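# Secondary and tertiary structure notes
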Amino acid sequence: MEIVTGLTATVSKLLQFSGLSVKKNVSGTKNMEEKALEVYDVIRTIRDPEKPNTLEELEVVSEKCVEVQELGDDEYLIIIKFSPTVPHCSLATLIGLCLQVKLQRCLPFKHKLEIYISEGTHSTEEDINKQINDKERVAAAMENPNLQEIVEQCVIEPDD
């Protein structure tokens, strides 16, 4: 066992000195940052269900609320943590649904999506987090014509 541990440490040092491991991490980190910006660019224009503003304008989403991790070849885990404008926001679930729908439609790469309310920003965040990450509930919600119409109004791209 000591031989394996010593060999692993030696190989790690050789890679570090050669710059191979550092270059891979730097390019991997840069790629994840680019993916995160791509995701943010999709969600920032979603309109709030009650107000005429975008989620970006209301600071419900920001660049730092998006995290992207590589799962495999061209497959990514996207984690979004949004902050409702008030701790008792009755439309937080609807905002999560809008995020789900827009990202499913617009992202050009294979992904798994996890959407959460930022910790401490909503009075019922645990319940809402379960709802917005339950695929069956999301599908059922999108079968409701009234909800579907509201979501469409929120996710439609603004005319430039």
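Read on for a plain summary of the structure. (Residues numbered from 1 in each chain as written. Predicted model: local features only at pLDDT ≥ 70, side-chain atom pairs only at ≥ 80, totals over all residues. Heavy atoms only, no water.)

### Remarks on the side chain of Gln-100
Rules: Elements are defined by DSSP. Helices are runs of H or I of four residues or more, strands are runs of E of two residues or more, and each kind is numbered from the N terminus. Think of it in three bands: with a 1.4 Å probe and only protein chains considered, a residue is buried below 20% of the maximum accessible area for its type, exposed above 50%, and partly exposed in between. Here a polar contact is recorded for every N or O atom pair within 3.5 Å, except that within protein the pair must consist of a potential hydrogen donor and a potential acceptor, and residues adjacent in sequence are included only if both atoms are side-chain atoms. The contact rule is simple, with two residues in contact once any of their heavy atoms fall within 4.5 Å.
By the secondary structure assignment, Gln-100 is in helix H3 (residues 92–106). For Gln-100, a relative accessible area of 7% gives the class buried. Within polar-contact distance, the side chain of Gln-100 engages the backbone oxygen of Ile-132 at 2.6 Å. The residues touching Gln-100, leaving out its near neighbours within four places in the chain, are Leu-113, Ile-115, Ile-132 and Asn-133.

### Re the packing of H3 against helix H4 (residues 125–132)
Helix packing geometry: the angle between the two helix axes and the distance between the axes. Rules: Orientation is described by lines fitted to C-alpha atoms, with helices fitted over the stretch in contact, and by angles between N-to-C directions that extend from 0 to 180 degrees. Working rule for angles: under 35 degrees goes down as roughly parallel, over 145 as roughly antiparallel, 65 to 115 as roughly perpendicular, anything else as oblique. We call a crossing left-handed when the near helix sits turned anticlockwise from the far one by less than a right angle, and right-handed when that turn is clockwise. In this classification, the charged set is Asp, Glu, Lys and Arg, the nonpolar set is Ala, Val, Leu, Ile, Met, Phe, Trp, Tyr, Cys and Pro, and all remaining amino acids, among them Gly, are polar.
Running from N to C, H3 and H4 point in directions that differ by 30°, and their axes come no closer than 10 Å. For the element pair H3 / H4, the angle class is roughly parallel. For the pair H3 and H4, the sense of crossing is right-handed. Contact residues: Ala-92, Thr-93, Gly-96, Leu-97 and Gln-100 in H3; Ile-128, Gln-131 and Ile-132 in H4. Grouping the constituent residues of the contact of H3 with H4 by class yields four nonpolar, four polar and no charged.

### Let's talk about unusual backbone geometry
Even without glycine at this site, Glu-59 takes up a positive phi of about 60°. The exposure class of Glu-59 is exposed, given its relative accessible area of 66%. In this structure, Asp-74 takes a positive phi of about 55° despite not being glycine. Looking at where Asp-74 falls in the secondary structure, it is placed in the loop between strand E1 (66–72) and strand E2 (75–82).

### So, the sheet that holds strand E3 (residues 110–117)
Threshold: Strand pairing follows a simple DSSP-based rule, namely that at least 2 bridges must link the two strands.
The strand order across the open sheet built from three strands is E1-E2-E3, with neighbouring strands paired in mixed fashion. Where the open sheet ends on each side, the last strands, each with one partner, are E1 and E3. Taken pair by pair, the neighbouring strands of this sheet meet at an average axis angle of 20°, ignoring direction. In terms of strand pairing, E1 meets E2 through six bridges, oriented antiparallel. When the sheet's bridge partners are listed, Glu-70 is paired in E2 with Tyr-76. Where H4 meets the sheet, its contacts fall on E2 and E3, and the angle it forms with E3 comes to roughly 160°.

### Remarks on the environment of Ile-80
Tracing the backbone shows Ile-80 in strand E2. Taking relative accessible area as the criterion, Ile-80 reaches 0% and is therefore assigned buried. Leave out the neighbours within four places in its chain, and Ile-80 touches Val-39, Ile-43, Cys-65, Val-66, Leu-99, Leu-103, Leu-113, Glu-114, Ile-115 and Tyr-116.

### As for the environment of Ala-36
With respect to the helices and strands, Ala-36 occurs in helix H2 (residues 20–43). Classification of Ala-36 as buried rests on a relative accessible area of 12%. Distance in space between the C-alpha atoms of Ala-36 and Ile-80 is 9.6 Å, their sequence separation being 44 residues.

### Overview of the nonpolar core
Grouped burial of nonpolar side chains is what soluble globular proteins tend to show. Formally: Residue types Ala, Val, Leu, Ile, Met, Phe, Trp, Tyr and Cys, when buried and joined through side-chain atoms within 4.5 Å, form a set referred to as a nonpolar core.
Among the nonpolar cores identified, the biggest contains 40 residues, and Val-39, Ile-43, Val-61, Val-66, Ile-80, Phe-82 and Leu-99 are the most heavily contacted of them. Of all the elements in the fold, those that place two or more residues in this core are H2, E1, E2, H3, E3, H4, helix H5 (135–143) and helix H6 (145–155). With eight residues, the single largest contributor to this core is H3. Setting aside its immediate chain neighbours within four residues, Leu-99 contacts Ile-43, Ile-46, Leu-55, Val-61, Ile-80, Phe-82 and Ile-115.

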